[in-house]
Amino acid sequence: DMGEYQHYMLKEIYEQPSVIRRVIQNYLTDQKEIIKSELINEIKNSDRVYVLAAGTSMHAGYVGKALIEELVNIPVEVHIASEFAYHMPLLTKNPFFILVSQSGETADLRACLLNIKNKGFKTLTITNVKTSTLAREADFYLELFAGPEIAVASTKAYIAQIAVFAILANKIALNSIDIKSELNRVAVAIEIFLENQEISILAHEKLTKQNCFYIGRGLDYYTSLEAALKLKEISYIQTEGFAAGELKHGTIALIEDKTPVIALISNKDIALNTRSNLKETNARGAETIIITLESLKHKDDEIVLNDVNSFLAPMLMVVPTQLLAYYAALERGLDIDKPRNLAKSVTVE
Ligand code: M6R
């Protein structure tokens, strides 16, 4: 049931604060231990974690990589499932595998799992569907508690995936962060943004071309990949996510008058670098949008969000980009919940 919302996608975007609270409730408040010590030990004793996924789940995997590397200090590689299945990289001696999948049915991941199991290695599936094939076939599973995601474009599952990665990494790191209150802060920041957002106007005024670029550095680069996928899959605007510093090495040639370039800026150490990359595009006629945090804002920045822990900033930074995609598609009169050529779960290789 869509309730007051015109589309499932919009409903699911607005559900995100409550999804975060449900994840907190299940993992951090209730007495039951969802994350078994056996799983913790498997990860702790591995010399490298391989994250396998597709699409949006892979983008959550990139954030997961950053969280695990920073908090746990184990190297993490993220691989495209369909590539990993048939072009397996050289593995370390004690690898551990994390499969990330909203549906738990993605065929590319099932192909990976077969190969990994043949080699006798241990696996964890992070999924929204605990009865799914990938949940059943892995050694461990962690549930997202996002509730059924109906829209083809994944939103709330992505947020939940990052939350679960953060909780898992923090638990392995012996709770070095007060994760409960940091996640709560993210939920509140999303709520505050959603209450006052005027994204439809921005989308109308600035997303007027058939192409678009997102740029960011570090975690914001990962968010830019996810933001680009979301915009292209439902609005059919050709969109690319770029490491902000990389644009000038070729792709800037594509910037014309009014080409939209959207910068994601949540990290203070590299905020000015990204701003100067954006200025370069501005000078070539780009129509720019800045999405940033309160403590980093400059006058005239278009979208300013409340500050949150920088580790978790991707959960917040992605929300305006979901709405930009939604309103761009709405304005074009497209089938938002069921974009052309796509299925909710991709069960063929
Ligand atoms: O169910 P999964 O998480 O395994 O699905 C992976 C991708 O097919 C999925 O994230 C897809 O990219 C979405 N349509 C993105 O919005």
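Residues numbered from 1 in each chain as written. Predicted model: local features only at pLDDT ≥ 70, side-chain atom pairs only at ≥ 80, totals over all residues. Heavy atoms only, no water.

Peer 1: Provide a residue-level description of the pattern of salt bridges, including the pertinent values.
Peer 2: Throughout the structure, instances matching the rule amount to 16 salt bridges. Close ionic contact of E302 with K206 constitutes a salt bridge, the shortest N to O distance being 3.3 Å. Here E302, found in the loop between β9 (287-293) and β10 (303-305), pairs with K206, found in helix α10 (residues 199-206); they are 96 residues apart in sequence, far enough to count as distant. With a relative accessible area of 33%, E302 lands in the partly exposed category. Overall, K206 belongs to the buried group, its relative accessible area being 13%. Within this structure, K11, E15 and K156 form a network of salt bridges that share partners. (Salt bridge = Lys/Arg side-chain N within 4 Å of Asp/Glu carboxyl O. Helix = DSSP H or I, 4+ residues; strand = E, 2+ residues; numbered from the N terminus. Buried < 20%, exposed > 50% of the residue type's maximum accessible area, 1.4 Å probe, protein only.)

Peer 1: How would you explain the sheet that holds strand β4 (residues 123-127) if you had to name every residue and give the values?
Peer 2: The sheet built from five strands is open, its strands ordered β2-β1-β3-β4-β5 with parallel pairing. Two strands close off the open sheet at either side, each with one partner strand: β2 (76-80) and β5 (140-143). Within the sheet, the average angular offset between the axes of one strand and its neighbour, ignoring direction, is 20 degrees. Taken together, the five bridges between strand β1 (residues 48-53) and strand β3 (residues 95-101) define a ladder with parallel strand orientation. Considered in β3, the bridge of Y50 is made with F97. Seen against the sheet, helix α4 (residues 55-72) touches β1, β2 and β3 and runs at an angle of roughly 175 degrees to β2. (Pairing = 2+ DSSP bridges. Axes fitted to C-alpha atoms, helices over the stretch in contact; angles between N-to-C directions. Contact = heavy atoms within 4.5 Å.)

Peer 1: Any chance you could break down the packing of α4 against helix α11 (residues 219-235) for me, citing the residues and the numbers?
Peer 2: Closest axis-to-axis distance for the α4/α11 pair is 9 Å, and the angle between their directions is 175 degrees. Classified by the interaxial angle, the pair formed by α4 and α11 is roughly antiparallel. Contact with α4, carried on its side by G55, T56, H59, Y62, V63, K65 and A66, involves L219, Y222, L225, E226, L229 and K230 of α11 and no other residues of that element. Classifying every residue of the contact of α4 with α11 gives seven nonpolar, three polar and three charged. (Parallel < 35°, antiparallel > 145°, perpendicular 65-115°, else oblique. Nonpolar A, V, L, I, M, F, W, Y, C, P; charged D, E, K, R; others polar.)

Structural measurements only, silent on function.
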